[in-house]
There are 2 protein chains.
Amino acid sequence: MSKASPHRRVAAEKPRLPELPARRGAYAVVLDAALRLFAERGYGGTSVRDIATVAEVQPATLYAHFPSKAHVLAELVRIGHEVHQQRFREALLEVQPAPRLQLAAMVRAHVSMHADYPMLAVVANAELHALPAELAAPALQLRRESEQLLLEIVERGVRLGEFSVAQPWLAVAAIGSMGLRVANWYTPDLGMSADAVADAYVEFAWRIVGAKPQ
Amino acid sequence: MSKASPHRRVAAEKPRLPELPARRGAYAVVLDAALRLFAERGYGGTSVRDIATVAEVQPATLYAHFPSKAHVLAELVRIGHEVHQQRFREALLEVQPAPRLQLAAMVRAHVSMHADYPMLAVVANAELHALPAELAAPALQLRRESEQLLLEIVERGVRLGEFSVAQPWLAVAAIGSMGLRVANWYTPDLGMSADAVADAYVEFAWRIVGAKPQ
DNA sequence: TCAATGTCAACGAACGATCGTTTCAAATAA
DNA sequence: TTATTTGAAACGATCGTTCGTTGACATTGA
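A brief report on the enclosed structure follows. (Residues numbered from 1 in each chain as written. Chains lettered and ligands numbered in written order. Predicted model: local features only at pLDDT ≥ 70, side-chain atom pairs only at ≥ 80, totals over all residues. Heavy atoms only, no water.)

1. Digging into the overall build of chain A
So, point 1. Regarding its fold elements, chain A presents ten helices and zero strands.
So, point 2. Starting at the N terminus and walking to the C terminus, you meet the elements of chain A as α-α-α-α-α-α-α-α-α-α.
So, point 3. The C-alpha radius of gyration of chain A comes to 19 Å, within 12% of the 17 Å expected for a compact globule of 214 residues.
So, point 4. Across its three principal directions, the C-alpha atoms of chain A cover 60 × 40 × 30 Å.
So, point 5. Sorting the 214 residues of chain A into buried and exposed places 53% on the buried side.
So, point 6. For chain A, the share of sequence-separated contacts (at least 6 apart) that also reach a separation of at least 24 residues comes to 72%.
So, point 7. Of the roughly 9800 Å² of accessible surface on chain A, a fraction of 54% belongs to carbon and sulfur atoms.
So, point 8. In chain A, which carries 23 positive and 22 negative side-chain charges, the distance between the mean positions of the two groups comes to 3 Å. (Helix = DSSP H or I, 4+ residues; strand = E, 2+ residues; numbered from the N terminus. Rg over C-alpha atoms; globule rule 2.2 N^0.38 Å. Buried < 20%, exposed > 50% of the residue type's maximum accessible area, 1.4 Å probe, protein only. Contact = heavy atoms within 4.5 Å. Areas by Shrake-Rupley, 256 points an atom, 1.4 Å probe, with all protein chains shown as cover. Lys, Arg positive; Asp, Glu negative; His and termini not counted. Charge placed at Lys NZ, Arg CZ, Asp CG, Glu CD.)

Pasting the structure below:
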């Protein structure tokens, strides 16, 4: 399949990857091309030849750097989850132990990651199911840990009387969901900074968990 | 590609379609099989032979009822959006003109549709991009109308002093997003009714828009 | 200094398998 | 009968992947 879809799955135009070791040569251009194509057409809708064409490389060259097409996706999924986890870690390390501030830091990290790396986020989220189990396992593990962490923050907030929400796990699901989707529509062209979107979503998250005014 | 992914994109196990005219014979079993497979593996990850195998039919039989594989997806997308629009219409017809109640009715319709027809919702949302433009256009139109309707309700609520939210369109995006994702995790096995989930999400929506206590 | 050698990423071509789709005859329903 | 639906087989195209080779370049020995 080689045709582009006219209704885009990601608003962002350019693939964006964080700085990497080995960000030179065919490895890098293949990863960039795969990121753009997987985000726009999905894993199953993208052929190795499509990737090679966009990367301006021969199909065989891809196999000099990756064992298979699935491993290209696995690498993108790994990078995406690593960036996400890194932002979570930094957010937690720098924040005061008040649930209200912890929740804000996590939501800000979550949302701004999806706005800063929309294609990476879309691929890591929407194409995870295309990976064989053993390649998907690490990402699924990170995902569970992040969700658990957020749940513990909300539950602690309820226990301390700072939050008021009937089913904390449902609130966590809702907060996570609204952040995920940012990757699909955010682009700097909207005239809104990623930080501004994050600010708005922090306020939404506070409201969802019924955070008392500081 | 014929292998099943172990990490599911939809928690629900069985495909579910609303009552249809012509819900008999090969047309129906093909549509059911395609719904299940597109939801689990995506459009690009599903072959016509996969569909025919699950439907216990020959590949050629599919072409006696659909002009192409894309038209099978288009029909599922059409049905999904029709169900969604129908619930929206009913919700609006039966509700009092108070913004608070209008928002509740819309969110309830949105969420319960995604819980009642999770596979249909996932396919209509996640695989829309795989359709050629002319087949996707009607769905995109309905989508824009629904979003616009929700935005008008929130803006009216703000104008009447019943809601308090800085950027109504961001609130609408957040509310829509959290509802969408319900299709990915909801299953009756959770021991929670679709109505109960809808109730919780109505409360979240009220909080997001800063609805004054009735 | 300069040819000979070793290394390795990239290449063009091709593999068998599977893709979406078509043909057409047999079976079935009216 | 006639009209419709199904089945087995096959079409050319494209799939993911592999093959054997090329060419650029660093290292070597004289």
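2. Notes on the pattern of salt bridges
So, point 1. Under the counting rule described, the total for this entry stands at 16 salt bridges over all chains.
So, point 2. B:Glu75 is the salt-bridge partner of B:Arg78, the closest N and O atoms lying 3.0 Å from each other. A residue pair is termed a helical-turn pair when its members lie 3 or 4 positions apart in one helix, as B:Arg78 and B:Glu75 do in helix α4 (residues 69-93) at three residues.
So, point 3. Residue classification places B:Arg78 among the partly exposed positions, given a relative accessible area of 38%.
So, point 4. A cluster of three or more residues bridged by salt bridges with shared partners is formed by A:Glu75, A:Arg78 and A:Glu82. (Salt bridge = Lys/Arg side-chain N within 4 Å of Asp/Glu carboxyl O.)

3. Regarding the relation of the copies chain B and chain A
So, point 1. Expressed as a screw operation, the relation of chain B to chain A combines 0.0 Å of axial shift with a rotation of 180°, fitting to an RMSD of 0.0 Å. Given the turn and translation reported, the copies of this chain are related as if by a two-fold rotation axis. In terms of C-alpha distance to the rotation axis, chain B has B:Gly44 as its closest residue, with the C-alpha 2.1 Å off the axis.
So, point 2. With an isologous cut-off of 70% or more, the 98% of interface residues of chain B that recur at the interface of chain A puts this contact in the isologous class. (Least-squares fit on C-alpha atoms with pLDDT ≥ 70 in both.)

4. Here we look at the packing of helix α4 (residues 69-93) of chain A against helix α6 (residues 118-126) of chain A
All names here are of chain A.
So, point 1. Between α4 and α6, the least distance of the axes is 9 Å, while the angle of their chain directions is 115°. Between α4 and α6, the interaxial angle falls into the category roughly perpendicular. In the crossing of α4 with α6, the sense of the turn from one axis to the other is left-handed. For the pair α4 and α6, the contacting residues are Leu 73, Leu 76, Val 77, Ile 79, Gly 80, His 81 and Val 83 in the first and Leu 120, Val 123 and Ala 124 in the second.
So, point 2. Per-class residue counts for the contact of α4 with α6 are eight nonpolar, two polar and no charged. (Axes fitted to C-alpha atoms, helices over the stretch in contact; angles between N-to-C directions. Parallel < 35°, antiparallel > 145°, perpendicular 65-115°, else oblique. Left-handed = near helix turned anticlockwise from the far one by under 90°. Nonpolar A, V, L, I, M, F, W, Y, C, P; charged D, E, K, R; others polar.)

5. A closer look at unusual backbone geometry
Residues and elements named next belong to chain A.
So, point 1. One non-glycine residue, Glu 56, adopts positive backbone phi at about 55°.
So, point 2. Structurally, Glu 56 can be placed in the loop between α2 (48-55) and α3 (59-65).
So, point 3. Assessed through its relative accessible area of 74%, Glu 56 is described here as exposed.

6. Section: the protein's contact with DNA strand C
So, point 1. Near DNA strand C lie 16 residues; those nearest to it are A:Gln58, A:His65, B:Val48, B:Arg49 and B:Tyr63.
So, point 2. Put simply, 55% of the atoms of DNA strand C that lie within 4 Å of the protein are in sugar or phosphate.
So, point 3. One of the side-chain nitrogen or oxygen atoms of A:His65 is found 2.7 Å away from a phosphate oxygen of DNA strand C.
So, point 4. Note that a phosphate oxygen of DNA strand C is positioned 3.5 Å from one of the backbone N or O atoms of B:Thr46.
So, point 5. The set of elements that each furnish at least two residues to the surface near DNA strand C consists of α3 of chain A together with α2 (48-55) and α3 (59-65) of chain B.
So, point 6. Per-element tally for the surface near DNA strand C: the top contributor is α3(A), with three residues.
So, point 7. Here the residues of the surface near DNA strand C are counted per class, giving seven nonpolar, six polar and three charged. (Near = heavy atom within 4 Å. Polar contact = N/O pair within 3.5 Å; in protein donor to acceptor, adjacent residues only side chain to side chain.)

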